[in-house]
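Coordinates in review
Now for the letters of each chain:
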Amino acid sequence: MLNDVSRAVKTLEAGRGLGRADVHLWLAYAYQREGNRNRSRESLRKAFEQGWMPAGRTAEAVPEQALREDIKDIETLMQQQRTRKRVPARPSAGVGNTTP
């Protein structure tokens, strides 16, 4: 709001450990404003991992609009990971296991 991106990044980075997905969303937006697309995408991915989903909330309209393309990409990636078939795990090599 004050157009002080570096201060926003520092403040948001301090709040990363709170476990709030919206902090990562706003941090992604701040990184994008700073010109750091890689860190922006990483923060957006963490927001998704912590349960954030685009919902058109008024309070998040600015970052959602600015990150629209990245949100689509990461949302698709996260959906693919959820639906991906898992390869069965190899049995443990404990007592009685014939696997070498």
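Here the structure is shown first, and the text comes after it.
Predicted model, so just to flag it, every value in this text is computed and none were measured. (Residues numbered from 1 in each chain as written. Predicted model: local features only at pLDDT ≥ 70, side-chain atom pairs only at ≥ 80, totals over all residues. Heavy atoms only, no water.)

1. So, the overall build of the chain
- Counting its secondary structure elements, the chain contains five helices and zero strands.
- The order of helices and strands in the chain, counted from the N terminus, is α-α-α-α-α.
- Considering only intrachain contacts with a sequence separation of at least 6, the fraction spanning at least 24 residues in the chain is 47%.
- Accessible surface computed for the chain: about 7200 Å², of which carbon and sulfur atoms make up 52%. (Helix = DSSP H or I, 4+ residues; strand = E, 2+ residues; numbered from the N terminus. Contact = heavy atoms within 4.5 Å. Areas by Shrake-Rupley, 256 points an atom, 1.4 Å probe, with all protein chains shown as cover.)

2. A closer look at helix 1 (residues 5-14)
- Considered for burial, the residues of helix 1 that qualify are V5, V9 and L12. Projection of helix 1 onto a plane perpendicular to its axis shows the buried side chains occupying an angular sector of 75°, all on one side. Within helix 1, the exposed residues directed more than 90 degrees away from the buried face are R7, K10, T11 and A14.
- Against the buried residues of helix 1 lie helix 2 (21-34). (Buried < 20%, exposed > 50% of the residue type's maximum accessible area, 1.4 Å probe, protein only. Arc of directions from axis to C-beta.)

3. Details of the packing of helix 1 against helix 2
- Running from N to C, helix 1 and helix 2 point in directions that differ by 150°, and their axes come no closer than 9 Å. Regarding the angle of helix 1 to helix 2, the classification is roughly antiparallel. Like other packed secondary-structure pairs, helix 1 and helix 2 cross with a definite hand, here left-handed. Facing helix 1, whose interface residues are V5, S6, V9, L12 and E13, helix 2 presents V23, W26, L27, A30, Y31, R33 and E34.
- Partitioning the contact of helix 1 with helix 2 into residue classes produces eight nonpolar, one polar and three charged. (Axes fitted to C-alpha atoms, helices over the stretch in contact; angles between N-to-C directions. Parallel < 35°, antiparallel > 145°, perpendicular 65-115°, else oblique. Left-handed = near helix turned anticlockwise from the far one by under 90°. Nonpolar A, V, L, I, M, F, W, Y, C, P; charged D, E, K, R; others polar.)

4. Topic: the packing of aromatic side chains
- Throughout the structure, instances matching the rule amount to two aromatic pairs.
- Plain terms: the ring middles of W26 and Y29 are 6.0 Å apart, the flat faces sit at 80° to each other, and that makes the pair edge-to-face. Note that W26 and Y29 are positioned in helix 2 at a spacing of three residues, about one turn of the helix.
- Relative to W52, the ring of F48 lies with its centre 5.5 Å away and its plane at 85°, an arrangement referred to as edge-to-face. With respect to class, F48 is no different from W52; both count as buried. (Phe/Tyr/Trp six-rings, centres within 6.5 Å; stacked < 30°, edge-to-face > 60°.)

5. Concerning the pattern of salt bridges
- Taken as a whole and judged by the stated rule, the model has eight salt bridges.
- Overlapping salt bridges bring together R37, R41, D70 and D73 as one network. (Salt bridge = Lys/Arg side-chain N within 4 Å of Asp/Glu carboxyl O.)

6. Points about the environment of E13
- By the element assignment, E13 lies in helix 1.
- Counting along the chain gives 14 residues from E13 to L27, while the straight-line C-alpha distance between them is 7.2 Å.
- Look past the residues within four positions of E13 in its chain and what remains in contact with it is L27, Y31 and R39.
- In this structure the side chain of E13 is engaged in a polar contact, spanning 2.4 Å, whose partner is the side chain of Y31. (Polar contact = N/O pair within 3.5 Å; in protein donor to acceptor, adjacent residues only side chain to side chain.)

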